[in-house]
Amino acid sequence: MTCEAVYTPNSYKTDLKPVWCPGCGDFGVLNSLYRALADLKCEPHDTVVVSGIGCSSRLPGYVETYGFNSLHGRALPIATGVKLAAPDLTVVAVGGDGDGIAIGGNHFLHSARRNLDIAYIMMDNEIYGLTKGQAGPTTPIGDKTKSTTYGNPDEAVDPCALAIAFGASWVARGFSGDIKGTTELMKQAIAHKGFAFLNIMSPCVTWRGDDQFKELRAKTKVYARSGGRSLNVTEIIAEAARLLPTAKLEEVLA
Ligand SMILES: Cc1ncc(C[n+]2csc(CCOP(=O)(O)OP(=O)(O)O)c2C)c(N)n1
Ligand code: SF4
Ligand SMILES: [Mg+2]
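Cut-offs used in this document
Residues numbered from 1 in each chain as written. Chains lettered and ligands numbered in written order. Predicted model: local features only at pLDDT ≥ 70, side-chain atom pairs only at ≥ 80, totals over all residues. Helix = DSSP H or I, 4+ residues; strand = E, 2+ residues; numbered from the N terminus. Buried ≥ 20, exposed ≤ 12 C-beta atoms within 10 Å, placed from the backbone. Contact = placed C-beta atoms within 7 Å. Pairing = 2+ DSSP bridges. Axes fitted to C-alpha atoms, helices over the stretch in contact; angles between N-to-C directions. Core = buried A, V, L, I, M, F, W, Y, C linked by C-beta atoms within 7 Å. Parallel < 35°, antiparallel > 145°, perpendicular 65-115°, else oblique. Left-handed = near helix turned anticlockwise from the far one by under 90°. Nonpolar A, V, L, I, M, F, W, Y, C, P; charged D, E, K, R; others polar. Near = placed C-beta within 6 Å. Expected span 1.5 Å × (residues − 1).

1. So, the overall build of the chain
Secondary structure assignment for the chain yields 9 helices and 6 strands. Residues classed as buried in the chain amount to 46% of the 254 residues present. Considering only intrachain contacts with a sequence separation of at least 6, the fraction spanning at least 24 residues in the chain is 66%.

If you want it as structure tokens, here you go:
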């Protein structure tokens, strides 16, 4: 007789209490991940959560699986090593926009291109949170931050568009304030066989103010492309079409 373990979201909580600021969007991401792991019945001993450095990169310490809080920008090389050494493990890489698009940008592009079976969850607050609020690659043009007191002079990068351009086989964008929707996207990303990129807009209440929550919710949109394996592509493309201006949609899906 075999006995299947029963997992609930609480099964994945560790004794560590998150040190994020009250109201940080990353709480929503963490709670969604607990739910997704439970729904997928991920065995903690067969699951690894790998991060770089940043507020968001503290997340592996709060998840009762194997975990690795590594170096700034290096979540994906380490996740790649784990997956190559032990292909049967479920590998989830997590981190911030700075970690994944600035210092780790090159790893992000080539991880998408290699299409290894890794789910990459980016907590995008459009800022360097841990180092006290400097502008990063996803900070909108014109935004005033600690390092751009007269307004950010640079155009922001769209991480989803980059992932699609480099061949990621599953791409989506969520919002940390929408736990139900984010959980669903995480389940799809983790179940997807190939590189799945999930860009979760996750407000930094300390360095971006209360309005960022509202702005990010309004901006949240979904892009997706699939190699035809585990996604209902029609559904996702329809969602993208609903949310994006036609010109942008054509550009992204071309
Ligand atoms: C090699 C290296 N360069 C710079 C830093 C300083 N540093 C730590 S976290 C960080 C940026 C964090 O921003 P992000 O990845 O977006 O995470 P967040 O804190 O916003 O969640 C930087 C520049 C570092 N730790 N290591
Ligand atoms: S500084 Fe910002 S990103 Fe970091 S824990 Fe606080 S609210 Fe979250
Ligand atoms: Mg950030």
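Once the structure has been displayed, the description carries forward.
2. Here's the deal with the sheet that holds strand 6 (residues 196-201)
Across the sheet, 6 strands lie side by side as 2-1-3-4-6-5; this open sheet has parallel pairing. The strands lining the two open edges of the sheet, one partner per strand, are strand 2 (66-69) and strand 5 (170-175). Ignoring which end each strand starts from, the neighbouring axes of this sheet average 15° apart. As defined by bridge partners, strand 1 (residues 47-51) adjoins strand 3 (residues 90-96) across 5 bridges and the pair is classed as parallel. Bridge pairing links Thr-47 to Thr-90 in strand 3. Docked against the sheet, helix 2 (residues 75-85) engages strand 1, strand 2, strand 3 and strand 4 (119-124), running at close to 175° with respect to strand 3.

3. Looking at the nonpolar core
Within the largest apolar cluster, 51 residues are counted, with the highest numbers of intra-cluster contacts made by Ala-93, Ala-119, Tyr-120, Ile-121, Phe-197 and Leu-198. Sequence-distant contacts of Ile-121, defined by excluding residues within four places in its chain, comprise Val-29, Val-92, Val-94, Met-186, Leu-198 and Ile-200. Listed in part, the 8 residues of the second largest apolar core include Trp-20, Cys-24, Ile-127 and Cys-204.

4. Observations regarding the packing of helix 1 (residues 26-39) against helix 6 (residues 179-191)
Here helix 1 crosses helix 6 at 50°, and the two axes come no closer than 8 Å. As judged from the angle between their axes, helix 1 and helix 6 are oblique. The crossing of helix 1 and helix 6 is right-handed. Of the residues in helix 6, those in contact with Gly-28, Val-29, Asn-31, Ser-32, Leu-33, Arg-35, Ala-36 and Asp-39 of helix 1 are Ile-179, Thr-182, Thr-183, Met-186, Lys-187 and Ile-190. When its residues are assigned to classes, the contact of helix 1 with helix 6 shows 6 nonpolar, 5 polar and 3 charged.

5. Thoughts on the site of ligand 1
Taken together, 19 residues are adjacent to ligand 1, and Gly-54, Gly-96, Gly-98, Asp-99 and Gly-129 come closest. Of all the secondary-structure elements, those providing two or more residues to the shell around ligand 1 are strand 3 and helix 3 (97-103). Take the shell around ligand 1: its biggest share by element is 4 residues, from helix 3. The residue inventory of the shell around ligand 1, partitioned by class, reads 7 nonpolar, 10 polar and 2 charged.

6. Here's the deal with helix 1
For helix 1, built from 14 residues, the straight-helix expectation of 20 Å at 1.5 Å per residue is met to within 8% by its first-to-last C-alpha distance of 20 Å. Where burial is concerned, most of helix 1 is hidden: 10 out of the 14 residues are buried. Along helix 1, the residues that are buried comprise Asp-26, Gly-28, Val-29, Leu-30, Ser-32, Leu-33, Tyr-34, Arg-35, Ala-36 and Leu-37. Close packing links the buried residues of helix 1 with strand 1, strand 4, helix 6 and strand 6. Phi turns positive, to about 55°, at Lys-41, one or two residues after helix 1.

7. Some words on the site of ligand 2
With respect to spatial proximity, the complete set of residues near ligand 2 consists of Trp-20, Cys-21, Cys-24, Asp-26, Cys-55, Asn-125, Gly-129, Leu-130, Cys-204, Val-205, Thr-206 and Trp-207. Considering only residue class, the shell around ligand 2 consists of 8 nonpolar, 3 polar and 1 charged.

8. Some remarks on the packing of helix 2 against helix 4 (residues 105-114)
Between helix 2 and helix 4, the shortest axis-to-axis distance is 8 Å and the interhelical angle comes to 40°. For the pair helix 2 and helix 4, contact is made by Leu-76, Pro-77 and Thr-80 and by His-107, Phe-108 and Ser-111, respectively.

9. Notes on unusual backbone geometry
Phi is positive for Asn-115, which is not a glycine, with a value near 55°. Relative to the assigned elements, Asn-115 resides in the loop between helix 4 and strand 4. With 17 C-beta atoms packed within 10 Å, Asn-115 lands in the partly exposed category. Backbone geometry at Lys-132 places phi at a positive 85°, although glycine is not the residue there. The residue Lys-132 is located in the loop between strand 4 and helix 5 (159-165) in this model. Judged by the 12 C-beta atoms lying within 10 Å of it, Lys-132 falls in the exposed class.

Spatial relationships are all this shows, so hold off on functional conclusions.
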